[in-house]
Amino acid sequence: MSKITRRKFLAGSMAGGAAIAMAPTKKAFGANLEGFPDGMGVLVDMTRCVGCRSCEAACNKEQNLPEPDKSFDDYSVFDERPHGHYRRPTEKAYTVVNRYDPVDEQPVYRKIQCNHCNEPACLTSCFVNAYTKTPEGAVIYNDKVCVGCRNCMIACPFGIPAYSYSSAINPIIKKCIFCYDTRLKNGQTPACVEACPQQVMVFGKRKELIKIAHDRIRRSPVKYVDQVYGEKEVGGTGWLYLSGVPFQEAGFNISLPSEPIINNVKDFLAIVPMVLAIWPALFTGFHLLATKGKSHGHGDDHSHDGQEEH
Amino acid sequence: MVNTGKKFMAGLAGLFICCLLMMNCYAMESYPEEIEIDVLSELYQGVVFDHGWHVMMTEGCAVCHHHTTGTPVVDSYCAKCHADEKPMATVSCQDCHSSEPVTAGSVREKDAFLFHDDKPDLKAAYHLSCLGCHQEMGAPVGCQDCHARTEAGDAFFRAGQFAPTGSADSSGY
Ligand code: SF4
Ligand code: SF4
Ligand code: SF4
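Residues numbered from 1 in each chain as written. Chains lettered and ligands numbered in written order. Predicted model: local features only at pLDDT ≥ 70, side-chain atom pairs only at ≥ 80, totals over all residues. Heavy atoms only, no water.

If you look chain B up in an unreviewed UniProt entry, it shows as Cytochrome c3 family protein from Pelovirga terrestris.

What follows is about the overall build of chain A. Counting its regular elements, chain A contains eleven helices and nine strands. Taken across its 310 residues, chain A has 52% of its residues classed as buried. If you take every contact in chain A between residues at least 6 apart in sequence, the share linking residues at least 24 apart comes to 63%. Here chain A displays about 14900 Å² of accessible surface, and carbon together with sulfur accounts for 57% of that area. (Helix = DSSP H or I, 4+ residues; strand = E, 2+ residues; numbered from the N terminus. Buried < 20%, exposed > 50% of the residue type's maximum accessible area, 1.4 Å probe, protein only. Contact = heavy atoms within 4.5 Å. Areas by Shrake-Rupley, 256 points an atom, 1.4 Å probe, with all protein chains shown as cover.)

Let's shift gears to the site of ligand 1. Taken together, 14 residues lie near ligand 1, and Cys114, Asn115, Cys117, Cys122 and Cys156 of chain A sit nearest. Class assignment for the residues of the shell around ligand 1 results in eleven nonpolar, two polar and one charged. (Near = heavy atom within 4 Å. Nonpolar A, V, L, I, M, F, W, Y, C, P; charged D, E, K, R; others polar.)

This brings us to the sheet that holds strand S1 (residues 40-45) of chain A. The strands that make up a sheet are held in pairs by hydrogen bonds between backbone atoms, and each pair lies either parallel or antiparallel. Residue and element names in this part refer to chain A. The strand order across the open sheet built from three strands is S8-S1-S9, with neighbouring strands paired in mixed fashion. Where the open sheet ends on each side, the last strands, each with one partner, are strand S8 (201-205) and strand S9 (239-242). In this sheet, adjacent strand axes meet at a mean angle of 20° when their direction is disregarded. (Pairing = 2+ DSSP bridges. Axes fitted to C-alpha atoms, helices over the stretch in contact; angles between N-to-C directions.)

Attention now goes to the confidence of the model for chain B. Residues and elements named next belong to chain B. Across chain B, the average pLDDT comes to 77, with 75% of residues at 70 or higher. Mean pLDDT across the secondary structure elements of chain B bottoms out at helix H1 (residues 4-22), with 46, and peaks at helix H9 (residues 151-157), with 94. Within the model, the stretch residues 11-28 combines pLDDT values under 50 with 38 contacts to residues more than four positions away or in other chains. Confidence over residues 168-173 falls short of pLDDT 50; this stretch has eight contacts with residues more than four positions distant or in other chains. Scoring the predicted complex yields pTM 0.78 and, for the interface, ipTM 0.78. (pLDDT = per-residue confidence, 0-100.)

Our focus in this paragraph is the environment of Gly160 of chain B. All names here are of chain B. Take Gly160: it is sitting in the segment after H9. Classification of Gly160 as exposed rests on a relative accessible area of 55%. In this structure the C-alpha to C-alpha distance between Gly160 and Ala104, which are 56 residues apart in sequence, comes to 37 Å.

The subject of this paragraph is the pattern of salt bridges. Applying the stated criterion across every chain, the model contains 17 salt bridges over all chains. Here Asp38 of chain A makes a salt bridge to Lys207 of chain A, at a shortest N to O gap of 3.8 Å. Here Lys207 of chain A lies in helix H8 (residues 206-219) and Asp38 of chain A lies in the loop between helix H3 (26-30) and S1, a separation of 169 residues in the sequence. Since its relative accessible area comes to 45%, Lys207 of chain A is described here as partly exposed. Its salt-bridge partner being Asp154 of chain B, residue Arg149 of chain B comes within 2.9 Å of it at the nearest N-O pair. Among the charged side chains, a network of salt bridges with common partners joins Asp45, Arg48 and Arg216 of chain A together with Asp118 of chain B. (Salt bridge = Lys/Arg side-chain N within 4 Å of Asp/Glu carboxyl O.)

Structure below.
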């Protein structure tokens, strides 16, 4: 419960006003870097993944997700580059596996889903408190509360939350919930982890997973890159990765800070209340622009914007 | 998928108890020619593993059986302790590899065999061993190259008669 209180405090302080949000209370967060001491996680050993997509199929079934665009045994998805990028989770697929082709190496398959951060930027960025970090380690959300503002999509350093357009009236964010409702809260292994024929993933306490990961590296120093991705990144994530190739060659962002994103997001969020306040004015402006065609005042507006940025 | 693992393991366990009776003297070059792995009966049909052929093709029993068959140990990690190992009473996979899914807790459980931690569970022991070698040798690696899928499997993978029709697309793109 203490975390929930803290979350409320965080969100409250952010929604409360720019003055508080602009002053990062870094010390308060620093003490919580480890998250819940018994938080669960998953260790993903990419050296074992063969790209069979069983995990994707399992997630689809477990989460009652809509029909996929292609069968889960269709491997042409690995060559897809929607919008010029590798596949990412969508509102219809909470996890996807991508194939990377490092030079002079065998292909590498990387399963992605929410990493269930210790200090989730999605949670911090949400000004209606839709997100919760549970003591079990899952980052879940209440879709009844979500207003579809997409702050979390921008805030997440891993590009995870996806936006559901299925309902125009109630658009909501969708993402992997660590099988919280059906499994995690009963201490059970997530569906994707269980389905994997290669035991790419091990489920357990994050603390123990980190030890297992380092043991594997120590035991096979040639096989693994000497890094556990997610151990330090953005304050630590519940899902951790081992790789046989440098992480950037498997599409990982290796320039993430080891501190939580919270502080940056808070700066970003400071403008949210302001945006809300000027929302009607903004739309009136757009409307005028749209109906009036080219505006004489455009040049003035532009210089005005420039001033505001500084 | 919840029950698949359990059924798979139960099937394997039964099968290997039978096999065990047939291969109690591995080092004496007596081994089963065929092993039917009648498992994953939910998503896949049973696999008839041509054990005899694989015995012929591999360098030695230890490629798969580590240090248990009395043949020269291949893995240098195993060889640290088991360089001059005698044949063991049991050589079947399921005697050492748990049919329960591995978790962090079970991996880190300390037992008398200090260096036997982080053992893959039975399902993974098979796939890691088989697929690892198949990849290296250029042998078939597709799921259905070894397992024929059942109707339930088709439904799980949304393939065959369960293939996407496209009509259910509600993403609005
Ligand atoms: S990976 Fe993204 S969506 Fe998941 S908890 Fe972290 S910030 Fe939130
Ligand atoms: S943990 Fe559950 S919700 Fe998340 S990707 Fe795996 S199966 Fe899907
Ligand atoms: S089920 Fe396992 S081996 Fe198959 S794609 Fe997923 S993580 Fe990789």
